[in-house]
Amino acid sequence: MLTFNTQSKSPCVRYFYLPANPSKQSEIIEVLNSSSEVVQVPMREEDMELTAFFERRLTARERASCKNSETWKVFTSWDDILDDHIRLGLKDEVLHILQGLKYRYALEEESMAVSA
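So, here's what we can say about the structure. (Residues numbered from 1 in each chain as written. Predicted model: local features only at pLDDT ≥ 70, side-chain atom pairs only at ≥ 80, totals over all residues. Heavy atoms only, no water.)

Below, the discussion takes up the packing of aromatic side chains. For the coordinates displayed, the defined rule picks out four aromatic pairs. Arranged with centres 5.5 Å apart and planes meeting at 45 degrees, the rings of Tyr-15 and Phe-54 form a pair that is tilted. One end of the pair, Tyr-15, is in strand β2 (residues 12–18); the other, Phe-54, is in strand β6 (residues 54–56), and 39 residues separate them in sequence. Across the pair, exposure class does not vary: Tyr-15 and Phe-54 are buried alike. (Phe/Tyr/Trp six-rings, centres within 6.5 Å; stacked < 30°, edge-to-face > 60°. Helix = DSSP H or I, 4+ residues; strand = E, 2+ residues; numbered from the N terminus. Buried < 20%, exposed > 50% of the residue type's maximum accessible area, 1.4 Å probe, protein only.)

Quick look at the structure:
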């Protein structure tokens with residue numbers, strides 16, 4: 001797992017990739033105030049266990065908004081992730097790392113653009 005300036009024991013933001021299935025497109029799940037490198041995602045057929053592929057520190061705005069609660073944000077577009085993170089004022093280094101990861105963890109929008 002890639003990390004960016006985190007302290008192993010403190011809550012952070014972790015990113016998980018949920019691959020597509022016949023009834024659902026792929027997603028990136030961003031967990032704010034995450035305390036584990038693994039999450040259980042409830043699915044209709046059977047729950048899936050996902051392992052984080054990237055982690056970073058919480059920003060002050062994120063810490064204030066989630067008030068020490070684990071908070072999930074679900075994205076189906078890398079552009080939406082990057083727009084969200086630019087609004088939060090994330091460091092350019094983090095944005096650059098995430099930009100590189102989008103080729104490794106393709107979302108539906110990118111898959112359709114490549115095949116068109």
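As a rule of thumb, non-glycine residues mostly have phi less than zero, and peptide bonds are mostly trans rather than cis. A positive phi angle, near 65 degrees, is found at Asn-33, a position not held by glycine. As for its placement among the helices and strands, Asn-33 is situated in strand β3 (residues 27–34). Looking at Asn-33, the relative accessible area reads 10%, which means it is buried. Even without being a glycine, Asn-68 presents a positive backbone phi close to 65 degrees. Tracing the sequence through the fold places Asn-68 in the loop between α1 (60–66) and β7 (71–75).

This next bit is on helix α3 (residues 92–101). Of the residues making up α3, those classed as buried are Val-94, Leu-95, Leu-98 and Leu-101. Down the axis of α3, the buried side of the element spans an arc of 120 degrees, and every buried residue falls inside it. Seen from the buried face of α3, the exposed residues on the opposite side, beyond 90 degrees, are Asp-92 and His-96. The secondary structure elements touched by the buried residues of α3 are β1 (2–4), β2, β6 and α2 (78–88). (Arc of directions from axis to C-beta. Contact = heavy atoms within 4.5 Å.)

For the pair α2 and α3, the least separation of the axes is 11 Å and the interaxial angle reads 175 degrees. On the basis of the axis angle, α2 is roughly antiparallel to α3. Contacts between α2 and α3 involve Trp-78, Leu-82, His-85 and Ile-86 on the former and, on the latter, Leu-95, Leu-98, Gln-99 and Leu-101. Looking at the contact of α2 with α3 residue by residue, the classes come out as six nonpolar, two polar and no charged. (Axes fitted to C-alpha atoms, helices over the stretch in contact; angles between N-to-C directions. Parallel < 35°, antiparallel > 145°, perpendicular 65-115°, else oblique. Nonpolar A, V, L, I, M, F, W, Y, C, P; charged D, E, K, R; others polar.)

Further remarks concern the environment of Thr-71. Among the structural elements, Thr-71 can be located in strand β7. Using a relative accessible area of 27% as the deciding quantity, one classes Thr-71 as partly exposed. In this structure the C-alpha to C-alpha distance between Thr-71 and Leu-32, which are 39 residues apart in sequence, comes to 5.0 Å. Here Thr-71 is in contact with Glu-30, Val-31, Leu-32 and Cys-66, once residues within four sequence places are set aside. In this structure the side chain of Thr-71 is engaged in a polar contact, spanning 3.2 Å, whose partner is the backbone oxygen of Ser-69. (Polar contact = N/O pair within 3.5 Å; in protein donor to acceptor, adjacent residues only side chain to side chain.)

Right, let's get into the pattern of salt bridges. Should their charged atoms come close, side chains of opposite charge can pair. Per the stated rule, a full pass over the model turns up six salt bridges. With its nearest N and O atoms 2.9 Å apart, the salt bridge here joins Lys-73 to Asp-84. In this pair, Lys-73 sits in strand β7 while Asp-84 sits in helix α2, placing the two residues eleven residues apart along the sequence. Lys-73 sits in the partly exposed class, given a relative accessible area of 23%. (Salt bridge = Lys/Arg side-chain N within 4 Å of Asp/Glu carboxyl O.)

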